[in-house]
Amino acid sequence: MMMRRVLCLSGSLRRISTNTAVLQAARQLAPAGLDLILYEGLATLPLFNPDDEIEPLPAPAQALRTAVGASDALLIACPEYAHGVPGAFKNLLDWLVGSLEFPGKPVALLNASGRGSHHAQDALREILLTMSAQLLDEACATVPLPGAGCEVAAILRDEARCAELRAVLAALAAELSGL
């Protein structure tokens, strides 16, 4: 079985983040063949300015592009703020717009909202499609979790949430094996 590298991107800067926790739980539940790696550089990215998109790129932006280029797919969990994608995560995406590493990249989305929020997910889908992502619809899902403060251990104790995450990861593995 071929090992597939999946870069996990959390759209949250919170120290205790539901979106980061769901990605960390997914890492622990990943089936054989999927190597999930959590990207931890969101807070270090400078504000995107097209004038700075020249060689050499700012080191955090280059590290992001390198991580994306080294991955077979992306798994994104992004919160919703004011019915939209948080500014810090949109900034991350802006650094990838002009990259050679991103177009055609397979992407799965996790919506961890316990309230059924969908505005950011809808906007994120539009942004990613505009950026030429290959959205893996079979591997996109809502895994409803309580709001701020939800930790990995709580997710892993919840059999229903674990089953939902395993289903997403199985779909992701199946999609990647077909590529």
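Up top is the structure these notes are about.
As the structure is a computational prediction, the values presented were derived from the model and not from experiment.

### Some points on the packing of aromatic side chains
If you walk through the whole model with that rule in mind, you get one aromatic pair. With 5.0 Å between their ring centres and 90° between their planes, Phe48 and Trp95 make a pair best called edge-to-face. One end of the pair, Phe48, is in the loop between strand E2 (34-38) and helix H2 (59-69); the other, Trp95, is in helix H3 (residues 87-97), and 47 residues separate them in sequence. Phe48 gets classed as partly exposed once you look at its relative accessible area, which sits at 25%.

### Considering unusual backbone geometry
Look at the link from Glu55 to Pro56: it is a cis peptide, with omega at -5°. Turning to its location among the elements, Pro56 is positioned in the loop between E2 and H2. A positive phi is found at His83, a non-glycine position, where the angle reads about 65°. Relative to the assigned elements, His83 resides in the loop between strand E3 (73-77) and H3. The exposure class assigned to His83 is exposed, which follows from its relative accessible area of 52%. Within the chain, Ser132 stands out as a residue other than glycine whose phi angle is a positive 70°. Checked against the element boundaries, Ser132 lands in the loop between helix H4 (119-130) and strand E5 (134-135). A residue is classified by how much of its surface remains accessible, and Ser132, at 39% relative accessible area, is partly exposed.

Rules of the game
- Residues numbered from 1 in each chain as written.
- Predicted model: local features only at pLDDT ≥ 70, side-chain atom pairs only at ≥ 80, totals over all residues.
- Heavy atoms only, no water.
- Phe/Tyr/Trp six-rings, centres within 6.5 Å; stacked < 30°, edge-to-face > 60°.
- Helix = DSSP H or I, 4+ residues; strand = E, 2+ residues; numbered from the N terminus.
- Buried < 20%, exposed > 50% of the residue type's maximum accessible area, 1.4 Å probe, protein only.

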